[in-house]
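Chain by chain, the residues run as shown.
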Amino acid sequence: MTARAADRARYDRATAHLDAPLAIVDLEAFDDNADDLVARAGGKPIRVASKSVRCRALLERVLARPGFAGIMSFTLAESLWLARAGFDDVLLAYPSADRAAFAELAADPKLAAAVTVMVDDHSQLELIDASRAGGREEIRICLELDTSLRLLGGRVRIGALRSPLRSPAQLAELARSVARRPGFRLVGLMAYEGHVAGVGDAVAGRPLRSRAIRLMQAAARKELAVRRAEVVRAVAPELEFVNGGGTGSVQHTAAEAAVTEIAAGSGLYVPRLFDNYTSFTARPAALFAQPVVRRPGVGVVTVLGGGYPASGAAGADRSPVPYLPEGLRYDAQEGAGEVQTPLLGSPADDLLIGDKVWFRHAKAGELCERFDALRLIEGDRITATVPTYRGEGKTFL
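Residues numbered from 1 in each chain as written. Predicted model: local features only at pLDDT ≥ 70, side-chain atom pairs only at ≥ 80, totals over all residues. Heavy atoms only, no water.

This brings us to the overall build of the protein chain. Secondary structure assignment for the protein chain yields 12 helices and 19 strands. Taken against the 2.2 N^0.38 rule, which gives 21 Å for 397 residues, the C-alpha radius of gyration of the protein chain at 22 Å falls within 12% of a compact globule. Taking contacts inside the protein chain between residues at least 6 apart in sequence as the whole, the part at least 24 apart equals 69%. Summing over all exposed atoms, the protein chain offers an accessible surface of approximately 17000 Å²; the carbon and sulfur share of this is 52%. Charged side chains in the protein chain number 50 positive and 48 negative. The centres of these two groups are separated by 4 Å. (Helix = DSSP H or I, 4+ residues; strand = E, 2+ residues; numbered from the N terminus. Rg over C-alpha atoms; globule rule 2.2 N^0.38 Å. Contact = heavy atoms within 4.5 Å. Areas by Shrake-Rupley, 256 points an atom, 1.4 Å probe, with all protein chains shown as cover. Lys, Arg positive; Asp, Glu negative; His and termini not counted. Charge placed at Lys NZ, Arg CZ, Asp CG, Glu CD.)

Moving on, we come to the pattern of salt bridges. Scanning all chains against the criterion turns up 33 salt bridges. Asp7 is the salt-bridge partner of Arg10, the closest N and O atoms lying 2.9 Å from each other. Taken together, the residues span about one helical turn, with Arg10 and Asp7 both in helix H1 (residues 3-14) at a distance of 3 residues. The exposure class assigned to Arg10 is buried, which follows from its relative accessible area of 16%. The closest approach of N and O atoms between Arg61 and Asp31, which form a salt bridge, is 2.8 Å. Residue Arg61 is found in helix H3 (residues 56-63), and its partner Asp31 is found in helix H2 (residues 27-41); the two are separated by 30 residues along the sequence. If you follow the salt bridges from partner to partner, you end up with Asp146, Arg150, Arg157, Arg166, Glu223 and Arg227 in one network. (Salt bridge = Lys/Arg side-chain N within 4 Å of Asp/Glu carboxyl O. Buried < 20%, exposed > 50% of the residue type's maximum accessible area, 1.4 Å probe, protein only.)

Interaxial distance between helix H8 (residues 168-180) and helix H10 (residues 207-235) falls to 8 Å at its minimum, and their mutual angle equals 30°. One element, H8, and the other, H10, form an angle in the roughly parallel class. In this structure, H8 crosses over H10, and the sense of that crossing is right-handed. The residues of H10 that touch H8, namely those facing Pro168, Leu171, Ala172 and Ala175, are Glu230, Val231, Ala234 and Val235. For the contact of H8 with H10, the class distribution of residues is 7 nonpolar, no polar and 1 charged. (Axes fitted to C-alpha atoms, helices over the stretch in contact; angles between N-to-C directions. Parallel < 35°, antiparallel > 145°, perpendicular 65-115°, else oblique. Left-handed = near helix turned anticlockwise from the far one by under 90°. Nonpolar A, V, L, I, M, F, W, Y, C, P; charged D, E, K, R; others polar.)

The side-chain alternation of strand E11 (residues 261-264) yields two buried faces, one formed by Glu261 and Ala263 and the other by Ile262 and Ala264. Summarising the sheet, strand E2 (residues 46-49) and E11 pair through 3 bridges and their orientation is parallel. Residue pairing in the sheet places Arg47 in a bridge with Ala263 of E11. (Pairing = 2+ DSSP bridges.)

Following the sequence through the fold, Val231 ends up in helix H10. When the C-alpha atoms of Val231 and Pro309 are compared, they prove to be 37 Å apart, with 78 residues separating the residues in sequence. Aside from chain neighbours lying at most four places away, what touches Val231 is Leu145, Arg166, Ser167, Pro168, Leu171 and Leu189.

So, in structure tokens, the structure goes:
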């Protein structure tokens with residue numbers, strides 16, 4: 001029996017009394033993946049990206065482990081909710097225009113002390129001030145640095161379209177603007193190198209493309225390490241934190257002296273987009289099961305639903321992948337469907353109506369937008385059932 005077949009047997013035994021659809025997290029794999037992230041971080045704390053987890057119980061679990069400290073959130077409303085729930089160090093990773101939430105933040109000492117908001121434009125400071133509604137609490141500010149790699153004199157740009165702040169001078173100017181405004185305090189700097197941390201460099205069947213990605217990422221890491229250190233010197237050496245990285249670049253970013261903490265989250269669940277890396281390997285921890293509801297013919301079964309595409313540029317890599325039993329594949333004419341998904345392959349002939357097919361989602365926490373609970377598995381038993389954000393009635397985006 002292969003390791004994957006053994007996992008399937010465990011998951012089927014653990015959930016035999018439950019009907020699919022359902023989602024699980026294998027706690028042994030989750031904890032092993034957490035240990036791997038800590039080892040790669042080389043002693044620097046890891047701030048957990050909540051968008052990649054979207055479950056308070058599992059955020060609490062990982063933050064209780066040595067090597068993890070703080071949350072990187074994705075909306076201001078989520079940040080306030082987490083702070084009210086007792087998380088005392090929440091960094092909002094994206095600028096917000098949520099005026100009502102800014103009014104709450106400015107009016108509550110506990111929230112203002114726990115939450116740091118992201119800024120990369122003077123107008124965002126003006127929006128926050130205009131949203132205070134009389135609240136006078138000091139707002140903690142983090143600036144974001146554009147990490148993109150520019151080639152051919154800037155004519156070629158590789159990296160996400162995020163912050164407009166690229167040079168030390170630009171960051172220093174906005175830092176001075178924050179310092180001049182009453183009611184604000186600059187505490188941090190963030191730089192997310194998504195083209196390194198979030199792009200696999202070992203694409204199956206594409207050796208030339210994989211080599212090109214590795215060359216690009218090596219150049220990007222070198223350029224960014226120099227520029228990030230220059231920005232830190234220009235902005236303020238006494239910043240509380242300098243955040244960088246992501247699951248795919250933990251060890252590289254941690255090696256930079258200017259960086260004080262690493263952001264990571266997807267490496268806990270390990271969705272399918274993180275299979276194609278040479279720098280680390282990890283165990284899939286989060287899966288979902290769909291029930292077999294039809295047997296259209298030899299070598300074919302149909303499961304209920306399963307068409308859960310992930311965000312990003314549309315493509316086959318944004319679909320879930322049938323994982324257990326091994327050897328199933330989509331019908332090229334149908335793919336992963338809204339209400340039914342045909343699956344082809346010889347393992348289909350061994351599946352009966354009501355059996356479970358286990359899938360891996362493409363992007364980590366987005367799975368939790370489809371399920372209101374996660375079944376936590378240890379060995380071949382469910383030891384807890386915990387709500388996702390959706391299960392707590394929270395859909396922040």
